[in-house]
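Per-entry structural report
This is what each chain is made of:
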Amino acid sequence: NYSGCEWRGTINGLKHHIANECSLATIACGVEGCKHTCRRKDMAAHRSSQEGIMSHMELKYENKLKAMEMKYESKYQMMNDRIIVLEKKANLCFNLQCSLPQREIKRGCLYCTRCGVANYCSRACQTSDWRNHQEYCNRHVRRVDIESRAESRA
């Protein structure tokens, strides 16, 4: 009871047959993230088995969750950047732990010399806020570098 390949054709057509038709060729599942491989003739069983269906559902859920996390992380960063711009305009100390009433700087504002965006009421506030400000500062400096390189090329 041999269930081998029934292909009859030319050598030129062999590559196409193996890649697209041969039931004995080993193929990958094709569902994003699924690493299962088997013979083409057994792939339908993999895709319809309870284990295969559950695996594919988990992969689909994980991929959607990752996409949502990336989308909302990006939105969070955009909103945070907007808040920072507004705080600079309002002349507020960027250190959220600042002891000034409502963090409002009346005179003698210091600023981050690296990004030029963050305002501080004192050197102590600037130093204690560095861990919080560092991520924004790195992103801002990188973005400014990219924009200035693009402008110099134009």
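Structure first, text after, so check above.
As the structure is a computational prediction, the values presented were derived from the model and not from experiment.

With respect to the nonpolar core
- Counting residues in hydrophobic clusters, the biggest one holds 14 residues, and the most contacted among them are Cys93, Phe94, Cys115, Val117 and Tyr120.
- Here this core takes four residues from helix H4 (residues 123–153), the largest share from any one element.
- Those residues within four positions of Cys115 in sequence are excluded, and the remaining contacts are His133, Cys137, His140 and Val141.

Brief notes about the environment of Asn80
- By the secondary structure assignment, Asn80 is in helix H3 (residues 50–89).
- Judged by its relative accessible area of 27%, Asn80 falls in the partly exposed class.
- For the pair formed by Asn80 and Ile27, sequence separation is 53 residues and the distance between their alpha carbons is 46 Å.

Focus on the packing of H3 against H4
- In the contact formed by H3 and H4, the axes pass within 12 Å of each other and the chain directions differ by 90°. With respect to their mutual orientation, H3 and H4 come out roughly perpendicular. Within the contact between the two elements, H3 uses Gln77, Asp81 and Ile84 and H4 uses Glu135, Tyr136, Arg139 and Arg143.
- Its residues assigned to classes, the contact of H3 with H4 comprises two nonpolar, one polar and four charged.

So, H3
- Under the 1.5 Å per step criterion, the end-to-end length of H3 is 58 Å for 40 residues, consistent within 8% with the ideal 58 Å.
- Of the positions making up H3, those classed as buried are Gly52, His56, Leu59, Asp81, Ile84 and Glu87.
- Check the buried side of H3 and you find it contacts helix H2 (40–48), strand S4 (119–120) and H4.
- Downstream of H3 by a residue or two, Asn91 has a phi angle that is positive, lying close to 60°.

What about unusual backbone geometry?
- At Gln102, a residue that is not glycine, the phi angle is positive and equals roughly 55°.
- Mapped onto the elements, Gln102 comes out in the loop between H3 and strand S3 (110–111).

A short note on the pattern of salt bridges
- Enumeration over the complete set of coordinates arrives at three salt bridges.
- For Glu135, the salt bridge identified is with Arg139, shortest N-O distance 3.6 Å. With Glu135 and Arg139 both in helix H4 and four residues apart, this pair spans about one turn of that helix.
- Several salt bridges share partner residues, and in doing so they unite Asp81, Glu135 and Arg139 into one network.

Brief notes about the environment of Lys88
- Mapped onto the elements, Lys88 comes out in helix H3.
- Placed 58 residues apart in sequence, Lys88 and Gly30 show a C-alpha to C-alpha distance of 50 Å.
- With residues near it in sequence (within four places) discarded, Lys88 still touches Phe94, Gly116, Val117 and Asn119.

Thresholds applied
Residues numbered from 1 in each chain as written. Predicted model: local features only at pLDDT ≥ 70, side-chain atom pairs only at ≥ 80, totals over all residues. Heavy atoms only, no water. Core = buried A, V, L, I, M, F, W, Y, C linked by side-chain atoms within 4.5 Å. Buried < 20%, exposed > 50% of the residue type's maximum accessible area, 1.4 Å probe, protein only. Helix = DSSP H or I, 4+ residues; strand = E, 2+ residues; numbered from the N terminus. Contact = heavy atoms within 4.5 Å. Axes fitted to C-alpha atoms, helices over the stretch in contact; angles between N-to-C directions. Parallel < 35°, antiparallel > 145°, perpendicular 65-115°, else oblique. Nonpolar A, V, L, I, M, F, W, Y, C, P; charged D, E, K, R; others polar. Expected span 1.5 Å × (residues − 1). Salt bridge = Lys/Arg side-chain N within 4 Å of Asp/Glu carboxyl O.

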